[in-house]
Amino acid sequence: MLGIKIICVGKLKEKFYTEASAEYKKRLGAYCKLEIDELPEEKRSGIPSESGTEAALLREAELIKSRIPSGSKIIALCIEGKKYSSEGLASILESCAVSGASKLCFIIGGSYGMSEEVKRRGLITYLYYMLGDNLPGKTHSERMDMARAWGFPVSDAVRVCRSVDEVIFAALHVLFA
């Protein structure tokens, strides 16, 4: 049975989303082992600044990395990522199951996004290793589109969501659909 872990920075607050999440988790029990790990968002100290935000994202990254199950296929859900339909995400899940992957880990950043270190995990690590910070493009999404065009194996699991609630709800909906 496929094990799916959703690691997210921040907690569901809306009653509708917490109830929907609990219901989807219950229904999915027959199809996968689903675990949702809600991590606290790091506090930014003093006056908000780019360096303070980056430091908080790095602290969150360390906590996220410590919670990723070993041997997992990692899918970072980023705001600048590519949108996918429910069918597209279902296809990705199916390919994971067919390829023998027994663990899948979705990672969702907090209100300030996600550390580049976390985004680079998985299949795209090799590309970043080769080119480092010299990658063309302004956003992670642009860079992954270029890598795909160059023939690199880039995951199709990234989609744009506007909040943690939307990401968890969409992921659970796709898994159950």
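Residues numbered from 1 in each chain as written. Predicted model: local features only at pLDDT ≥ 70, side-chain atom pairs only at ≥ 80, totals over all residues. Heavy atoms only, no water.

Asks: I would appreciate a short explanation of the overall build of the protein in the present structure.
Replies: Counting its secondary structure elements, the protein contains 7 helices and 4 strands. The buried share of the protein, reckoned over its 177 residues, is 42%. Within the protein, residue pairs in contact and separated by at least 24 positions form 77% of the contacts whose partners lie at least 6 positions apart. Element-wise, carbon and sulfur atoms account for 54% of the exposed surface of the protein, whose accessible area totals about 9900 Å². (Helix = DSSP H or I, 4+ residues; strand = E, 2+ residues; numbered from the N terminus. Buried < 20%, exposed > 50% of the residue type's maximum accessible area, 1.4 Å probe, protein only. Contact = heavy atoms within 4.5 Å. Areas by Shrake-Rupley, 256 points an atom, 1.4 Å probe, with all protein chains shown as cover.)

Asks: It is not clear to me how the pairing of strand 1 (residues 2-9) should be interpreted in this structure. Could you clarify?
Replies: Two faces belong to every sheet, and in a regular strand the side chains alternate between them. Counting buried positions along strand 1 yields 8 of 8 residues, so the element is predominantly enclosed. Judged by which residues are buried, strand 1 turns out to be covered on both faces: Leu2, Ile4, Ile6 and Cys8 on one side and Gly3, Lys5, Ile7 and Val9 on the other are all buried. Pairing of strand 1 with strand 2 (residues 32-39) involves 8 bridges; the strand directions are parallel. Bridging from a neighbouring strand, Gly3 pairs with Lys33 of strand 2. In the classification by handedness, the crossover that spans strand 1, the intervening helix 1 (residues 15-28) and the parallel strand 2 is right-handed. Note: strand 1 against strand 4 (residues 103-108), 6 bridges, orientation parallel. Among the inter-strand pairings, Gly3 is bridged to a residue of strand 4, identified as Lys103. (Pairing = 2+ DSSP bridges. Right-handed = clockwise from strand over helix to strand, strands pointing away.)

Asks: Just checking my understanding: could you explain the environment of Ala20 for this structure?
Replies: Mapped onto the fold, Ala20 is located in helix 1. You can call Ala20 buried: its relative accessible area is 12%. C-alpha of Ala20 to C-alpha of Phe169: the two residues are 149 residues apart in sequence and 7.5 Å apart in space.

Asks: I'm lost on the sheet that holds strand 4 in this one. Help?
Replies: Strand pairing in a sheet relies on backbone hydrogen bonds. The paired strands run either parallel or antiparallel. Here 4 strands make up an open sheet; going across it, the order is 2-1-4-3 and the pairing parallel. The two strands at the open ends of the sheet, each matched to only one other strand, are strand 2 and strand 3 (73-77). In this sheet, neighbouring strand axes are inclined to one another by 15° on average, regardless of whether the strands run parallel or antiparallel. Across the sheet, helix 2 (residues 50-67) is in contact with strand 1, strand 2 and strand 4; its angle to strand 1 comes to roughly 165°. (Axes fitted to C-alpha atoms, helices over the stretch in contact; angles between N-to-C directions.)

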